[in-house]
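Single-letter residue listing:
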Amino acid sequence: MSWPWSELGLSGPAELSEIRAAYARKLKTAHPEEDPEGFQRLHTAYQEASRRARRLARSAQAGPETPPAEGSAPPERPSKGQDAGWDDEELPEGQEAPNPAPQKPEPQEPDWDYDELLEEEDTPPQETETAPEWDFERLFAEGEEEARAARRRRLEELRIKNEARRAKENSRRRQQQAEDSWEAVMAAAHALELLHSSGAPLPQWRRFLDSPVFLNVRANLDFVFALEDFLEQRPDLSQEVRQAIFAVYESYNASKYPMYRRLYQLLNVSGGDKRRLAKQKSAWRGAWRRYPPWRKAVIVVCFLILAVFFTIGWAVNLRTAFRDFTARQEAKRWTETAPQWLEEDFGEPFIHAVSQDIFAPEADPELYFRASPYGERSEHWPGYQTNYPAILVRRALENFAEERELDLELAAYSRETGDAPGAYLLNLPLLGAEEDVAALGALLEELSRQDWHQVPLRDPQSEADYQVREPVGYTVYLCHRGLAFYEAASAQGFDTEEARSLYAQAGPAFCRWILENSGLAERHLGAGRYALQDREPLELGDHTFHQVSGVDQDSGEARVRYLLASGGGSLFCVPEERMAEIHSVIDLYRGTPRTVELDKVGLVMVTDQVPGE
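Residues numbered from 1 in each chain as written. Predicted model: local features only at pLDDT ≥ 70, side-chain atom pairs only at ≥ 80, totals over all residues. Heavy atoms only, no water.

(A) View of the nonpolar core. Counting 65 residues, the largest nonpolar core has Leu-428, Leu-440, Leu-478, Phe-494, Leu-515, Tyr-562 and Leu-571 as its most contacted members. The dominant element in this core, judged by the number of residues it contributes, is helix H14 (residues 388-404), at nine residues. The residues contacting Leu-571, other than those within four sequence positions of it, are Cys-511, Ile-514, Leu-515, Leu-520, Tyr-562, Leu-563, Leu-564, Val-604, Met-605, Val-606 and Thr-607. Formed by 30 residues, the second largest nonpolar core is a distinct cluster that contains Leu-209, Phe-214, Ala-244 and Ile-245. (Core = buried A, V, L, I, M, F, W, Y, C linked by side-chain atoms within 4.5 Å. Buried < 20%, exposed > 50% of the residue type's maximum accessible area, 1.4 Å probe, protein only. Helix = DSSP H or I, 4+ residues; strand = E, 2+ residues; numbered from the N terminus. Contact = heavy atoms within 4.5 Å.)

Below, the structure is given as structure tokens:
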């Protein structure tokens, strides 16, 4: 028996189904993790045997020719002339070729397609019903499932058997308990008969009621029924004994259960006796009686102190609650009154907004402002304080900046809570904003002439202060890159001429600030030995530059010329003796370029033609 059949345990060539069955049997002994080499040999033999079986099956379908012997070479394909010695195309029309009976049929070409054979050897067979690894897992899974099913059956049988035994044992135990309980009930009932027939005094009855003979059967229904019969048949039983029996059952709160209702009726205990027994049963009453007088006094004093503190706390809470209630009522009245007063004073309708003291114009519901009641409304006092005039100033300046496309920065404030900023920073370019400065002055002048621009004092101290008015408090700054060159408070007003004059000097002033804060002037002229002097702007083609000269203080000689581009982002440093060579912007870029970073203005491009020290 040769390979691969010997590896699969077969005697020789077999069909594909027999090969698969043999492979499945061998998989049980060749686990891929425990014996990887054996599993690889088995899998290789399975692939080779499958390939040969498929090849023999195709040969059998092609014709009755016997398949070639194992290991022999395939026969050569006969040529067209060797087929039967006839050519169909050479036969005369209408004549049939003779039947070459002894000639074997030509082998089909697909059976000897070597490319297909080589592909089959390299590629594992793509059979839908066989996957060696999955077959192996399925076999082991089926074995595990059968084992679990067998265990479940054994456990189920054991459970049924144990349930039967348990039921039998429980029945026997209940029967034994019933017999024992009945004997105890009979003993207790017999003791009742003996006590009554012998005329036992009350102490003996109480000893019986405290004994285990009675306590063990006290709650047993059979004994309760027997006790009821005993009381019903002996109406002459003394009231003391009846009270003793009642006290025993009441100590366990038996009156809460309906099963003792008949028993309590037969005991016939009066209401006063029931209340007295309830007091005796109270644990804290018994403890209080056992306390010495000094401890009782301490407890009473502590309770009095707690009562005083509780009363004070209750009074404070009541006062706070009353004050909160009053405040809520006043706030409600204010939210209804404030829009009316505001409309009378400012000439437009208002609405109550997001919270108690936040309002907004009806025409602009998102323009929040604050208004809170203050004092009594009179001819000279509005009866409230509001920042609505400051909100009107903010809206006017925001609209001005938006129309002229200027950058307006507002001091920190909260729009949602109705705040207004106290400062406005209007950033202007270094050139071409003269008309903006004049327009801003005209706007602020117009705002100052409005009636609402004059507001009452925020904190009047005397009767005369209620009649004083002052302008809305805010300050306007004219800036370039956050550096202010003009400041105007609302109380002093906006001086347009002064603002335009300072704006004309803003370029050189900004250049001086860069030189002093970057250290360029000290590097070129020496620390404490220079002065910076403004010069007229320089025109180079279409570009304008602000000029500052660096002058030596000792000699008064101008040594360096600084030229700042009108945009403020480029600074050129040129020796004074080379200024005659500057004829175009290109001449300014012949120095060494670098950048300096300043806190307020950010990055500035510096082109330095001054030689280093």
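(B) Inspection of the packing of helix H6 (residues 202-210) against helix H9 (residues 239-250) at higher detail. Close contact between H6 and H9 brings their axes to 10 Å; oriented N to C, the two are set at 20°. Taken together, the axis directions place H6 and H9 in an arrangement best described as roughly parallel. Of the two elements, H6 crosses H9, and the hand of that crossing is right-handed. Along the contact surface, H6 presents Leu-202, Trp-205, Arg-206 and Leu-209, while H9 presents Glu-240, Val-241, Ala-244, Ile-245 and Val-248. (Axes fitted to C-alpha atoms, helices over the stretch in contact; angles between N-to-C directions. Parallel < 35°, antiparallel > 145°, perpendicular 65-115°, else oblique. Left-handed = near helix turned anticlockwise from the far one by under 90°.)

(C) Region of the structure containing empty space enclosed by the protein. Considering all chains together, one arrives at one cavity of 30 Å³ or more under this definition. Computed from the structure, the largest cavity encloses a volume of approximately 30 Å³. Considering the residues around the largest cavity, the lining is formed by Leu-397, Phe-400, Leu-408, Tyr-424, Leu-426, Leu-440 and Val-476. For the lining of the largest cavity, the elements supplying multiple residues, two or more each, are H14 and strand S6 (423-427). For the lining of the largest cavity, the per-class residue count stands at seven nonpolar, no polar and no charged. (1 Å grid on protein atoms, 1.4 Å probe; cavity = no way out; pocket = protein on both sides within 12 Å on 5 of 7 lines; lining within 4 Å. Points joined across faces, edges and corners; volume = space filled by probe spheres on them. Nonpolar A, V, L, I, M, F, W, Y, C, P; charged D, E, K, R; others polar.)

(D) Molecular detail of the packing of aromatic side chains. If you walk through the whole model with that rule in mind, you get 24 aromatic pairs. With 6.2 Å between their ring centres and 90° between their planes, Trp-334 and Phe-359 make a pair best called edge-to-face. Of this pair, Trp-334 sits in helix H13 (residues 293-346) while Phe-359 sits in strand S2 (residues 358-361), placing them 25 residues apart in sequence. You can call Trp-334 buried: its relative accessible area is 6%. An angle of 80° between the planes, with centres 5.8 Å apart, marks the rings of Phe-545 and Phe-572 as edge-to-face. Separated by 27 residues along the polypeptide, Phe-545 in strand S12 (residues 543-552) and Phe-572 in strand S14 (residues 570-575) bring together distant segments of the chain. (Phe/Tyr/Trp six-rings, centres within 6.5 Å; stacked < 30°, edge-to-face > 60°.)

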